[in-house]
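Here are the chains, one letter per residue:
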Amino acid sequence: MSETKEFIEKNNRFRGGFKSFLHEWMILFLFIVLFAISCISSAKFRTTDNIMNILRQASFISIIALGEFFVILIANMDMSITSIIGMTSIFFAGMVVNAGVPMFWAVVIVFALAIAVGIINGALTVYGHMPSFIATLTVMNIIKGIYFIYSKGLPISGLPESFNFLGAGYIGFIPFPVILLLIVAVTLHMFTQHTELGRSFYAVGGNSEASKLSGINVKFIGILAFVFSAILSCIGALGLTSKTLSGNVSIGENLLFDVMTIVVLGGTSLTGGRGKIFGVVIGALFLQVISNIMILMSINSYWQWVVKGIILIVVVLIDSNSKHD
Amino acid sequence: MVFPGVTALDNVDFTLLAGQCHGLVGENGAGKSTLSKCIIGDYRMTAGQLFIQGKHIHIPSYSVRKSHEMGIAIVHQEFQLMGDLSGLENIFIGRYEKKGPLIDWKQLQARGEELLSYLQCDVDLKVKVKHLRTAEKQIIQLAKAMLDNPKVLILDELTAVLQEEGIQNIFRIINLLKERGIGIIYISHRLDEIFQCCDRYTVLCDGKFINSGDVKDINKQQLVKMIIGRELKNVYPPKNQVFGETLLEVRHLCAPKAFSDVSLEVKAGQVVGISGLLGAGKTELIHAIYGNHPIVSGEVLVRGKAVHLKSPRLAIRAGLGVVPDERRILGLNMLYSIKDNTILASMGKFRKWKVFQDHGKEAKAAFDINKKLNLRYYSLWQLVSKLSGGNQQKVVLAKWMLRDCDIFLLDEPTRGIDIGAKFEIYALINELAKAGKAVILVSPELEEIIGLSNKVYVLYEGKVMDVVEGEHITQEVIIHDLLGVKEV
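Quick look at the structure, then.

Cut-offs used in this document
Residues numbered from 1 in each chain as written. Chains lettered and ligands numbered in written order. Predicted model: local features only at pLDDT ≥ 70, side-chain atom pairs only at ≥ 80, totals over all residues. Heavy atoms only, no water. Core = buried A, V, L, I, M, F, W, Y, C linked by side-chain atoms within 4.5 Å. Buried < 20%, exposed > 50% of the residue type's maximum accessible area, 1.4 Å probe, protein only. Helix = DSSP H or I, 4+ residues; strand = E, 2+ residues; numbered from the N terminus. Contact = heavy atoms within 4.5 Å. Pairing = 2+ DSSP bridges. Axes fitted to C-alpha atoms, helices over the stretch in contact; angles between N-to-C directions. Salt bridge = Lys/Arg side-chain N within 4 Å of Asp/Glu carboxyl O.

**Regarding the nonpolar core**
Then, number 1: Core analysis: the largest hydrophobic core is formed by 147 residues, its most contacted members being Leu 66 and Phe 201 of chain A.
Then, number 2: At 13 residues, helix α4 (residues 48-73) of chain A tops the list of elements feeding residues into this core.
Then, number 3: Setting aside residues no more than four positions away along its own chain, Leu 66 of chain A makes contact with Leu 181, Val 184, Ala 185, Leu 188, Leu 232, Ile 277, Val 280 and Val 281 of chain A.
Then, number 4: Within the second largest apolar cluster, 61 residues are counted, among which are Ala 143, Ile 184, Leu 191 and Cys 198 of chain B.

Given below as structure tokens:
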């Protein structure tokens with residue numbers, strides 16, 4: 001009996017200290033504060049339409065950031081996501097519009113392409129021992145070159161109207177992308193917190209040598225992270241493409257910076273081993289609310305770059321200087 | 001010198017005269033390095049006095065820089081050289097001769113050659129250091145230390161990585177420096193060397209001063225006795241004597257630059273010690289058995305069946321578990337909780353619907369095993385980094401006990417943990433043996449090896465020098481094997 005009692009006592013998660021709990025979920029508290037201030041200060045902000053709009057705009061970038069999350073979790077970096085997005089968009093539209101490939105097969109093919117790019121990124125990093133930053137930067141430029149050669153830099157429009165549902169559809173009053181994000185996030189949450197493979201990412205990111213000695217297939221995890229990043233970028237790219245119904249080379253151009261900001265803002269440590277799926281989602285919402293409120297206040301949109309840049313610096317400063325123990 | 005909780009050096013007297021080579025000997029952890037670090041000002045003495053050339057040194061303001069100015073230089077056993085720079089640059093780094101804003105290479109080259117001719121050595125200074133032979137690298141290190149004409153030179157296990165020829169060259173240089181009135185503190189594990197090049201000796205044991213005198217007055221037997229010094233304390237539980245089948249057998253294992261032709265055998269219920277000096281290949285051997293160090297030939301048999309262990313994954317599947325020497329780097333994930341570290345190697349046991357991990361079951365299992373190991377903690381969800389060294393080591397052991405491994409490879413399981421925790425680890429090792437597990441134990445502490453092992457393999461320069469069993473396991477025998485001298 002006393003042993004059961006002792007177990008219950010020792011199994012208390014929050015005896016790790018309220019401080020560490022606060023630190024872990026800092027972004028959530030910051031988001032609540034930001035959201036509350038925005039609601040109070042702007043009547044336009046607190047309308048249902050606007051909130052739904054924010055959610056919809058945050059969805060696909062969240063999904064892309066969730067991919068990058070896995071790479072950063074194992075202390076690497078994937079710079080090639082902008083090109084994976086551009087590639088998906090152009091080749092998908094090209095296949096459907098120019099070559100008349102059925103939409104289903106076009107989706108299968110772009111996913112296969114993305115997975116291939118992910119494997120190349122992973123192999124260069126894991127087996128080639130290249131710094132992931134350089135490996136993926138190079139891959140980014142090569143892919144960019146290829147789809148520019150294919151499209152000559154021009155957009156490919158004329159995708160069927162039905163495809164628009166992915167990016168702009170509604171189920172009831174909830175935008176479809178939001179539901180998609182919810183499904184992806186919950187699935188990935190279950191994966192990272194409750195499966196052996198998922199939790200291995202944390203182990204590898206925290207201490208790859210110790211993980212290897214504990215029997216984790218460190219190389220496989222390394223490659224898988226880049227594959228996840230590529231697949232989720234691909235989903236995000238299809239969503240972004242469906243909003244305009246056209247394939248566009250520049251669709252992913254400015255996303256990398258936002259994605260990095262979101263991942264780090266969500267509490268993911270750049271040195272690996274730390275981070276939460278829902279942290280990243282909240283990070284995306286946080287950034288979207290900032291954009292939204294700045295637009296509502298009709299501030300020149302270039303200021304967003306300044307503000308987001310400052311946010312990233314502050315967050316990384318906090319991450320780099322907080323002792324993780 | 002007092003470390004938190006431990007007095008590393010206790011009331012030690014040490015005197016070095018000009019033109020003298022003074023050998024500092026003792027087991028690992030005896031306080032040799034601590035003493036040399038106090039002398040160069042890297043550690044601060046908490047009590048006692050220091051005199052350099054008769055001058056009383058003010059301890060609170062003493063530092064590495066100050067000792068350097070006072071003419072004290074040290075050469076470490078590990079290379080502190082930059083492989084991609086030339087020997088010349090390595091010697092003068094940070095202290096370039098300049099002509100205006102530019103480096104005066106001619107002047108540097110001339111001074112470099114002057115230094116080498118002072119040491120009567122011939123090394124090409126223009127070659128990148130990484131292309132030099134080990135012995136030549138040591139010369140570069142020596143030359144660097146001689147740059148400021150030191151009065152006192154500390155050589156910390158300089159010869160540990162050298163072959164015979166290189167060692168003789170070092171002796172020649174030592175004699176040369178002695179003639180020029182430089183005092184040398186010579187730290188070495190190889191007792192033969194003390195007799196070859198030292199005038200005086202000082203023996204330390206557990207941070208205490210044991211004896212000091214002229215080398216010519218003693219022989220090696222006496223020196224060995226002094227180093228061992230004391231009676232074995234009765235801290236070791238009685239060894240298990242009931243053995244089962246052979247669980248692990250290693251035949252003619254070879255790994256280049258680490259060890260060659262190593263064969264060993266461990267039975268269920270047996271604790272097998274592996275002893276050897278630094279660089280004898282102990283850690284590499286453990287990693288090779290575990291599939292984490294490349295081997296060129298030889299085979300590993302588990303329960304009589306040849307297994308090809310290419311990776312730790314496969315080794316774990318074959319029933320092996322390792323407690324690595326670098327606990328914080330190799331043994332634990334410091335960002336992980338106690339629970340997650342404990343169950344890391346056996347996650348598959350705690351599934352819900354075959355896919356999902358059951359945190360409740362995991363926590364219960366971690367709780368049970370850690371209770372058995374008497375781990376002191378407040379929550380399973382607390383990070384392992386918050387535990388003391390001894391408790392961290394228990395978590396590493398718990399990981400493999402939970403996995404129910406048959407063969408435990410323990411590489412310095414008591415490194416850096418306090419004496420109380422050490423005894424608990426000893427008791428655990430004993431219990432593992434009683435439960436019919438095979439244990440391989442690597443430790444730099446002879447006492448530990450002798451107190452726990454049923455059989456001891458002694459490695460010397462990567463080869464099995466001797467196998468000692470049962471009652472024949474004594475300090476004298478092993479020390480002689482360790483030093484590569486066969487005759488007792």
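**Details of the sheet that holds strand β11 (residues 200-205) of chain B**
Residues and elements named next belong to chain B.
Then, number 1: The six strands are arranged β6-β9-β10-β3-β11-β12 in an open sheet whose pairing can be described as mixed. Since the sheet does not close on itself, it has two edges, and those belong to β6 (72-75) and β12 (208-214), each with one partner. Taken over all neighbouring pairs, the strand axes of this sheet differ in orientation by 20° on average, direction set aside.
Then, number 2: Sheet topology places β11 next to β12; six bridges connect them, and they run antiparallel. Across the sheet, Cys 205 pairs through a bridge with Lys 208, a residue of β12.
Then, number 3: Contacts between helix α1 (residues 32-39) and the sheet are confined to β3 (21-25), β6, β9 (152-156), β10 (183-187) and β11, with β9 contributing the most and set at about 150° to the helix.
Then, number 4: Together, β6 and β9 form the strand contacts of helix α5 (residues 134-146), whose direction differs from that of β6 by roughly 170°.

**Thoughts on the pattern of salt bridges**
Then, number 1: In total, this model carries 20 salt bridges over all chains according to the counting rule given.
Then, number 2: One salt bridge in this structure joins Glu 253 of chain A and Lys 144 of chain A, with 4.0 Å as the shortest N-O distance. Linking Glu 253 of chain A in the loop between β4 (246-247) and α13 (255-265) with Lys 144 of chain A in helix α7 (residues 132-151), this pair joins segments that are 109 residues apart in sequence.
Then, number 3: Given the relative accessible area of 41%, Glu 253 of chain A is considered partly exposed.
Then, number 4: Classification of Lys 144 of chain A by relative accessible area gives partly exposed; the value is 27%.
Then, number 5: Here the salt bridges share partners, and the residues they tie into one network are Arg 199 of chain A together with Lys 339, Asp 340 and Glu 362 of chain B.

Geometric values such as these leave the question of function open.
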